[in-house]
Amino acid sequence: MAIRFEFDPRVTGEIMRSAPVRKALKTEADKIAPVARSIARSEGLEEFARSIEVVEETRPRGRPTAAVVADREDAEADEFGTSSTPRRRILGRAAHTRIDRIS
């Protein structure tokens, strides 16, 4: 006998605000942050590496987030580049790097 499941979209907000979802978001960000720090250090950007942290917040409509950020005034220039700074994409590359260990 098959079990039929229908998702009720009215509970999406409650699910997104739940402790397991928040924990999963934080866990994923905690995996990305050390990779970003390693990339920054490998490119000689020790101060940039030290500024990388995980920030948890809740969006205005209640959606939780956990983001890896570089808390520096010039972080955007290092990430996306300017006319005088090369584009490095440290945070972007770290977010797209998956180092999953086989247990």
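Right above here is the structure, for reference.
Throughout what follows, the structure given in this document is the object of discussion.

## Structural notes on the overall build of the protein
1) Next: Secondary structure summary: the protein contains 5 helices and 2 strands in total.
2) Next: Helices and strands appear in the protein in the N-to-C order α-α-α-β-β-α-α.
3) Next: The C-alpha atoms of the protein give a radius of gyration of 18 Å, which is well past the 13 Å a tight globule of 103 residues would have.
4) Next: In terms of principal-axis extent, the alpha carbons of the protein reach across some 60 × 40 × 20 Å.

## Re the nonpolar core
1) Next: Of all hydrophobic cores here, the largest spans 17 residues; its most connected members are Phe48, Ile52, Val68 and Ile90.
2) Next: Of all the secondary-structure elements, those providing two or more residues to this core are α2 (19-42), α3 (46-50), β2 (64-70) and α5 (90-95).
3) Next: Among the elements that take part in this core, α2 stands out by supplying 7 residues, more than any other.

## A short note on the environment of Ile52
1) Next: On the secondary structure map, Ile52 appears in strand β1 (residues 52-58).
2) Next: Residues Ile52 and Ser83, spaced 31 residues apart in sequence, show a C-alpha to C-alpha distance of 24 Å.

## Regarding the pattern of salt bridges
1) Next: Taken as a whole and assessed by the stated rule, the structure comprises 11 salt bridges.
2) Next: One continuous salt-bridge network, built from bridges that share partners, spans Glu43, Asp78, Arg88 and Arg93.

Parameters and conventions
Residues numbered from 1 in each chain as written. Predicted model: local features only at pLDDT ≥ 70, side-chain atom pairs only at ≥ 80, totals over all residues. Heavy atoms only, no water. Helix = DSSP H or I, 4+ residues; strand = E, 2+ residues; numbered from the N terminus. Rg over C-alpha atoms; globule rule 2.2 N^0.38 Å. Core = buried A, V, L, I, M, F, W, Y, C linked by side-chain atoms within 4.5 Å. Buried < 20%, exposed > 50% of the residue type's maximum accessible area, 1.4 Å probe, protein only. Salt bridge = Lys/Arg side-chain N within 4 Å of Asp/Glu carboxyl O.

Read these as layout, nothing more, since geometry by itself doesn't imply function.
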